[in-house]
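For reference, the chains in residue letters:
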Amino acid sequence: MKTLSDNLHAVQARIAAACAASGRTTDSVQLLAVSKTFSADDVRQVAACGQRDFGENYIQEGVDKIIALQGGAQVLVWHCIGPIQSNKTKLVAEHFDWAHTVDRLKIAQRLNDQRPAHLAPLNVCLQVNIDGGETKSGIAPANVLVLAAEVAKLPRLVLRGLMTIPDPVAGFERQVAVHAKARALFDEVKAALNQPQFDTLSMGMTGDLEAAVHAGSTMVRVGTAIFGGRTYA
Ligand SMILES: *Cc1c(COP(=O)(O)O)cnc(C)c1O
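Please read all numbers here as calculations on a predicted model, not as lab measurements.

K.L.:
Would you explain the site of the ligand in this entry?
P.N.:
Lining the immediate surroundings of the ligand are 13 residues, of which Lys-36, Asn-57, Thr-206, Thr-224 and Arg-230 lie closest. Side-chain polar atom of Thr-224 to an oxygen atom of the ligand: 2.5 Å apart, as the coordinates give it. Each residue belonging to the shell around the ligand can be placed in one class, and the counts come to 6 nonpolar, 4 polar and 3 charged.

In structure tokens, the structure reads:
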């Protein structure tokens, strides 16, 4: 049976191969291990292999794990990658290091106001609905520049980049085509903002990380290939 360590190393090898195939250096892509539905003990095992960044979708579940793992041997970096409603901004601001799913100014303002003074500013990405899926969260690409300019002004946030969750499509070329749109938008916003901290394009998951790396992702969010299939309660 494969261990979590085997799985992590296999994902690292996939990222390295994808970088090599695109003429990128391996350290230009960060791995975010998506631990939603898995236990604090599973996270501890993966962290013991050197993995530092973990992503959670469900805020209370994430906070429970963050608290359970505080003061451990490794300092972990926690990313909120699930939808953030107004009544959950305080938990995110108080416990997470990153929020990838900001898609409106009201949520950004609440995160800014609720970020405790003793913590570093919260890193945020704007979630973009890059393929126009009707049921999906995320801001429309045409509105990203305006929101980015507003969020960049908030002193307790650091605008780090963009995040996308395109609907699954089959085939490398089609996956690259969607991710390339996100990359082009990222470059456009980066040029307009002119802020060096705007350095993160969060895209690519278990099924499409090679295409995402090819298109210019700087952070892939991988759950299944590390932790296994999920069962929801
Ligand atoms: C669950 C999830 C992932 C990981 O997906 P896998 O296909 O299991 O790798 C990545 N990003 C988000 C936003 C998710 O909700």
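K.L.:
Teacher, can you tell me more about the side chain of Asp-53 here?
P.N.:
Structurally, Asp-53 is set in strand 2 (residues 53–56). A polar contact of 3.3 Å, which involves the side chain of Asp-53, links it to the side chain of Gln-30. Ignoring anything within four residues of it in the chain, the contact list for Asp-53 reads Gln-30, Leu-31, Leu-32, Ala-33, Val-77 and His-79.

K.L.:
Would you mind going over the nonpolar core with me for this structure?
P.N.:
For soluble globular proteins, nonpolar side chains are generally found buried alongside one another. Core analysis: the largest hydrophobic core is formed by 62 residues, its most contacted members being Phe-54, Leu-111, Leu-126, Leu-162 and Ile-226. Judged by nonpolar contacts, the second largest core, of 8 residues, contains Val-34, Val-77, Met-163 and Met-219.

K.L.:
Help me understand unusual backbone geometry in this model?
P.N.:
For residues that are not glycine, phi is negative in most cases, and the peptide bond is trans in most cases. Although it is not a glycine, Thr-37 sits at a positive phi angle of roughly 75 degrees. Turning to its location among the elements, Thr-37 is positioned in the loop between strand 1 (30–34) and helix 2 (40–48). Phi is positive for Asn-194, which is not a glycine, with a value near 55 degrees. Looking at the secondary structure, you find Asn-194 in the loop between helix 7 (172–193) and strand 7 (200–202).

Basis of the calculations
- Residues numbered from 1 in each chain as written.
- Predicted model: local features only at pLDDT ≥ 70, side-chain atom pairs only at ≥ 80, totals over all residues.
- Heavy atoms only, no water.
- Near = heavy atom within 4 Å.
- Polar contact = N/O pair within 3.5 Å; in protein donor to acceptor, adjacent residues only side chain to side chain.
- Nonpolar A, V, L, I, M, F, W, Y, C, P; charged D, E, K, R; others polar.
- Helix = DSSP H or I, 4+ residues; strand = E, 2+ residues; numbered from the N terminus.
- Contact = heavy atoms within 4.5 Å.
- Core = buried A, V, L, I, M, F, W, Y, C linked by side-chain atoms within 4.5 Å.
- Buried < 20%, exposed > 50% of the residue type's maximum accessible area, 1.4 Å probe, protein only.

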